[in-house]
Number of protein chains: 2
Amino acid sequence: MAVRENYSRKRNAIYQAICSTKSHPNAEWVYEQLKPQFRDLSLGTVYRNLKKFCEDGKAISVGVINGQEHFDADTTPHSHFVCDRCQSISDIYKPFFSEELLKSLNEEYGVSVTSNEVLFHGVCKECLERE
Amino acid sequence: MAVRENYSRKRNAIYQAICSTKSHPNAEWVYEQLKPQFRDLSLGTVYRNLKKFCEDGKAISVGVINGQEHFDADTTPHSHFVCDRCQSISDIYKPFFSEELLKSLNEEYGVSVTSNEVLFHGVCKECLERE
DNA sequence: ATAAAAATAATAATAATTATCATTTTTATA
DNA sequence: TATAAAAATGATAATTATTATTATTTTTAT
């Protein structure tokens with residue numbers, strides 16, 4: 001018997017796949033990535049597990065970009081940059097919202113903020129250099 | 001002949017519909033809203049025009065929220081708040097990104113930022129009061 | 001070793017959005 | 001005003017991403 005794991009073998013592989021990249025993949029990417037290793041992998045399993053990771057706080061959804069949901073195993077607070085040329089998604093590690101600012105939202109708008117997502121659009125370094 | 005309009009009658013009506021609300025509607029809402037007036041309105045026409053407004057800079061996409069794209073005729077820089085209870089979307093008029101900050105992104109990450117979207121999640125005032 | 005629980009594969013179903021194309025409306029201009 | 005060209009639309013089909021279903025397999029607990 002193998003070493004005790006928290007997950008099923010495939011669930012583990014899916015989690016490791018999203019941990020192995022900073023490309024903020026979608027379900028399709030993960031599926032293609034793991035297909036060679038797990039020839040009987042089902043796309044539904046990838047979707048199911050990515051959703052589960054988000055529910056369990058082990059991943060976050062970067063949002064729906066160009067019609068497809070993208071994921072990130074990095075759950076620390078950070079923002080994202082989408083290149084409108086090559087569609088790449090990269091991280092922006094810059095704190096935008098202080099505690100006070102979020103608190104001021106609560107006061108000014110009467111809302112209770114639990115999370116936020118910041119998405120920048122533009123042209124990435126690589127595409128800028130190419131152009 | 002009627003007063004000269006920039007648009008076809010239906011396109012005008014769709015634009016006025018999204019201008020008439022701060023609810024950040026999706027295509028379905030606009031369609032239901034206009035159906036009584038235009039009994040032969042087609043949902044495809046709504047989708048086509050909402051997309052066109054975004055391309056022409058007369059509206060923006062708030063993003064895909066719970067599987068549906070939402071729109072806003074207010075194109076001035078502002079952010080959005082999504083209530084995870086009642087799914088309402090409201091405006092947050094607070095400038096988060098100064099010119100210097102955006103410039104610093106260019107310098108630190110080598111990217112050229114052209115736009116940004118900020119989405120807060122949480123519980124809205126009305127739902128908080130109800131709970 | 002084995003029974004119960006959980007996860008999966010295969011597939012069907014769903015839902016939002018986009019494409020197609022014949023018809024209608026609008027626009028430009030004679 | 002009439003009319004031809006261009007643009008927009010309705011109806012519908014197609015597409016695409018995602019979710020649901022269910023029989024089977026894997027994992028877990030004992």
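What counts as what
Residues numbered from 1 in each chain as written. Chains lettered and ligands numbered in written order. Predicted model: local features only at pLDDT ≥ 70, side-chain atom pairs only at ≥ 80, totals over all residues. Heavy atoms only, no water. Helix = DSSP H or I, 4+ residues; strand = E, 2+ residues; numbered from the N terminus. Buried < 20%, exposed > 50% of the residue type's maximum accessible area, 1.4 Å probe, protein only. Contact = heavy atoms within 4.5 Å. Phe/Tyr/Trp six-rings, centres within 6.5 Å; stacked < 30°, edge-to-face > 60°. Lys NZ or Arg CZ within 6 Å of the ring centre and 35° of its normal. Least-squares fit on C-alpha atoms with pLDDT ≥ 70 in both. Salt bridge = Lys/Arg side-chain N within 4 Å of Asp/Glu carboxyl O. Pairing = 2+ DSSP bridges. Axes fitted to C-alpha atoms, helices over the stretch in contact; angles between N-to-C directions. Domains from an automatic or database assignment. Buried area = accessible area lost by both parts, 1.4 Å probe. Polar contact = N/O pair within 3.5 Å; in protein donor to acceptor, adjacent residues only side chain to side chain. Nonpolar A, V, L, I, M, F, W, Y, C, P; charged D, E, K, R; others polar.

### Brief notes about the side chain of S79 of chain A
Residue and element names in this part refer to chain A. Along the polypeptide, S79 turns up in strand β3 (residues 79-83). Take S79: its relative accessible area is 5%, and that puts it in the buried class. Each residue touching S79, except ones within four places of it in the same chain, is listed here: S90, D91, I92, K94, F96, V118 and F120.

### Examining the packing of aromatic side chains
Counting across every chain of the model gives 10 aromatic pairs over all chains. An aromatic cluster of at least three residues, connected via ring pairs, comprises F96, F97 and F120 of chain A together with F96, F97 and F120 of chain B. Positioned over the ring face of Y15 of chain A is K58 of chain A, at 5.1 Å from the centre of the ring.

### Examining helix α1 (residues 9-19) of chain B
Along α1 of chain B, the residues that are buried comprise N12, A13, I14, A17 and I18 of chain B. Packed against the buried residues of α1 of chain B are α2 (27-34) and α3 (43-55) of chain B.

### Quick word on the relation of the copies chain B and chain A
Mapping chain B onto chain A is achieved by rotating through 180 degrees and translating by 0.0 Å along the same axis, at an RMSD of 0.0 Å. Taken together, the rotation angle and the small translation identify this as a two-fold axis. Taking the C-alpha atom as reference, chain B places V118 of chain B closest to the rotation axis, 2.3 Å from it. Most of the interface of chain B is mirrored in chain A, where 100% of its interface residues again form contacts.

### A few points about the pattern of salt bridges
Residue and element names in this part refer to chain A. By the definition in use, this model includes 8 salt bridges over all chains. Measuring nitrogen to oxygen at the nearest pair gives 3.1 Å for the salt bridge that ties D40 to K10. Of this pair, D40 sits in the loop between α2 (27-34) and α3 (43-55) while K10 is found in helix α1 (residues 9-19), placing the two residues 30 residues apart along the sequence. Taking relative accessible area as the criterion, K10 reaches 26% and is therefore assigned partly exposed. For the salt bridge of D56 with K52, the shortest nitrogen-to-oxygen distance reads 2.9 Å. Relative accessible area serves as the criterion here: at 41%, D56 is assigned to the partly exposed category.

### Considerations on the environment of N116 of chain A
Assignment of secondary structure puts N116 of chain A in strand β5 (residues 112-123). Sequence separation of N116 of chain A and P77 of chain A is 39 residues, and the distance between their C-alpha atoms is 9.0 Å. The residues touching N116 of chain A, leaving out its near neighbours within four places in the chain, are F97 of chain A together with L119 and F120 of chain B.

### Considerations on the sheet that holds strand β3 (residues 79-83) of chain B
The sheet built from 6 strands is open, its strands ordered β4(A)-β3(A)-β5(A)-β5(B)-β3(B)-β4(B) with mixed pairing. Here the strands that pair on one side only, and so sit at the sheet edges, are β4 (89-92) of chain A together with β4 (89-92) of chain B. Pairs of neighbouring strands in the sheet enclose a mean axial angle of 30 degrees, with direction left out of account. Its contacts with the sheet put helix α4 (residues 99-109) of chain A on β5 of chain A together with β4 and β5 (112-123) of chain B, and the angle it makes with β5 of chain A is roughly 115 degrees. Of the strands in this sheet, β4 and β5 of chain A together with β5 of chain B are in contact with helix α4 (residues 99-109) of chain B, which crosses β5 of chain B at around 115 degrees.

### Regarding the domain arrangement of chain A
Residues and elements named next belong to chain A. Entries for chain A in the domain assignment read domain 1 (1-73) and domain 2 (76-131). Taking only C-alpha atoms into account, the centre of domain 1 sits 23 Å from that of domain 2. Taken residue by residue, the interface counts 10 residues in domain 1 and 10 residues in domain 2. Looking only at domain 1, the three residues that lose the most surface to domain 2 are H24, V62 and I65, adding up to 54% of its buried area. Between the two partners, domain 1 and domain 2, sit 0 salt bridges. At the boundary of domain 1 and domain 2, one finds 5 residue pairs in polar contact (both at pLDDT 80 or more). Breaking the side of domain 1 that touches domain 2 down by element, the ones donating at least two residues are β1 (60-65) and β2 (68-72). Ranked by residues supplied to the side of domain 1 that touches domain 2, first place goes to β1 with 4 residues. Counted by class, the side of domain 1 that touches domain 2 contains 3 nonpolar, 5 polar and 2 charged residues.

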